[in-house]
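# Understanding the architecture of this molecule
Now for the letters of each chain:
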Amino acid sequence: MIKYKRVLLKLSGESLMGKQKFGIDPNMLSHYAYQIKALTEVGVQVAIVIGGGNIFRGLQASESGIERVQGDYMGMMATVINGMALQSALETIGVFTRLISAIEMKQIAEPYIRRRAIRHLEKGRVVIFSSGIGSPYFTTDSAAALRANEINADVILKGTRVDGIYTADPEKDPAATKFDKLTFAKVISLGLSVMDMTAFTLCRENNLPIIVFDINHNENLLRIVKGEAVGTLVEG
Ligand code: UDP
């Protein structure tokens, strides 16, 4: 009983920080690795787009005098560091992986070749996409939307610290209520933020469902692929 057979998981850099203020918490890495492994064990094909915000963000850099484009490339490098760490955590527990980089770095990652990435998924390897889309002025959310469409993923799973999309930020407003389901149009009319607009538009135009869910809850990923109502589903 698997509802989503090929998923694109978006893991932000921040989700790797755990309680730290910066960098990678090894406990978080292993926490995600086990959850991802559980998906592969039920036959789900898993692609991951990894962020870099725990190490570097282009926009912040530009405020401190580093040119925007240069800062964005530095941010993309950060995603490769995270991708290598996640690859290592997965391989430690016996999951076969391929790290792919949108910027060529062939000593450590494969170049992005769409058909090859799909082949890896078909063979049951977890594919980790790093370097975003390889261009400045984008985010890894955009990379998630683009790659999910390219590899014909059934859904984008956007892991966050909260368990879905709320009427307001639940960490600030205790009266905020959660949506179980939303249409793309409703997200826009209510001015809710799910992903950045570039990424969101790409999903909307191609009718690619997005599920926003609490990534820190152990069973969530598995429950989602089995079709349980977890988090908030945006579609239609
Ligand atoms: N970035 C970019 N192009 C991309 C993806 C990422 O320029 O296609 C840069 C951008 O500077 C961004 C940084 O890499 O701030 C880290 O990615 P992101 O902020 O999306 O990471 P997350 O918020 O998911 O941790």
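Report on the accompanying structure. Please read all numbers here as calculations on a predicted model, not as lab measurements. (Residues numbered from 1 in each chain as written. Predicted model: local features only at pLDDT ≥ 70, side-chain atom pairs only at ≥ 80, totals over all residues. Heavy atoms only, no water.)

Before going further, it helps to spend a moment on the overall build of the protein. A tally of regular secondary structure across the protein gives eight helices and nine strands. Here the C-alpha radius of gyration of the protein, 17 Å, is about what a compact globule of 236 residues would show, namely 18 Å. Counting only C-alpha atoms and orienting by the principal axes, one finds that the protein spans roughly 50 × 50 × 35 Å. Put simply, the protein has 236 residues, and 50% of those count as buried. In the protein, once contacts between residues fewer than 6 apart in sequence are set aside, the share between residues at least 24 apart is 70%. (Helix = DSSP H or I, 4+ residues; strand = E, 2+ residues; numbered from the N terminus. Rg over C-alpha atoms; globule rule 2.2 N^0.38 Å. Buried < 20%, exposed > 50% of the residue type's maximum accessible area, 1.4 Å probe, protein only. Contact = heavy atoms within 4.5 Å.)

Most peptide bonds take the trans configuration, and most residues that are not glycine carry a negative phi. At Tyr 137, a residue that is not glycine, the phi angle is positive and equals roughly 70 degrees. Take Tyr 137: it is sitting in the loop between strand S5 (126-130) and helix H5 (140-150). Phi is positive for Asn 207, which is not a glycine, with a value near 50 degrees.

With that settled, consider H5. With eight of 11 residues buried, H5 is to be regarded as a mostly interior element. If you check which residues of H5 are buried, you get Thr 140, Asp 141, Ser 142, Ala 143, Ala 144, Ala 145, Arg 147 and Ala 148. Those residues of H5 that are buried are in contact with strand S1 (6-11), strand S2 (45-50), helix H3 (68-92), S5, strand S6 (155-160) and helix H7 (197-205). With a side-chain oxygen positioned 3.2 Å from the backbone nitrogen of Asp 141, the residue opening H5 is Thr 139. Remark: Asn 152 follows H5 within two positions and exhibits a positive phi of approximately 55 degrees. (Polar contact = N/O pair within 3.5 Å; in protein donor to acceptor, adjacent residues only side chain to side chain.)

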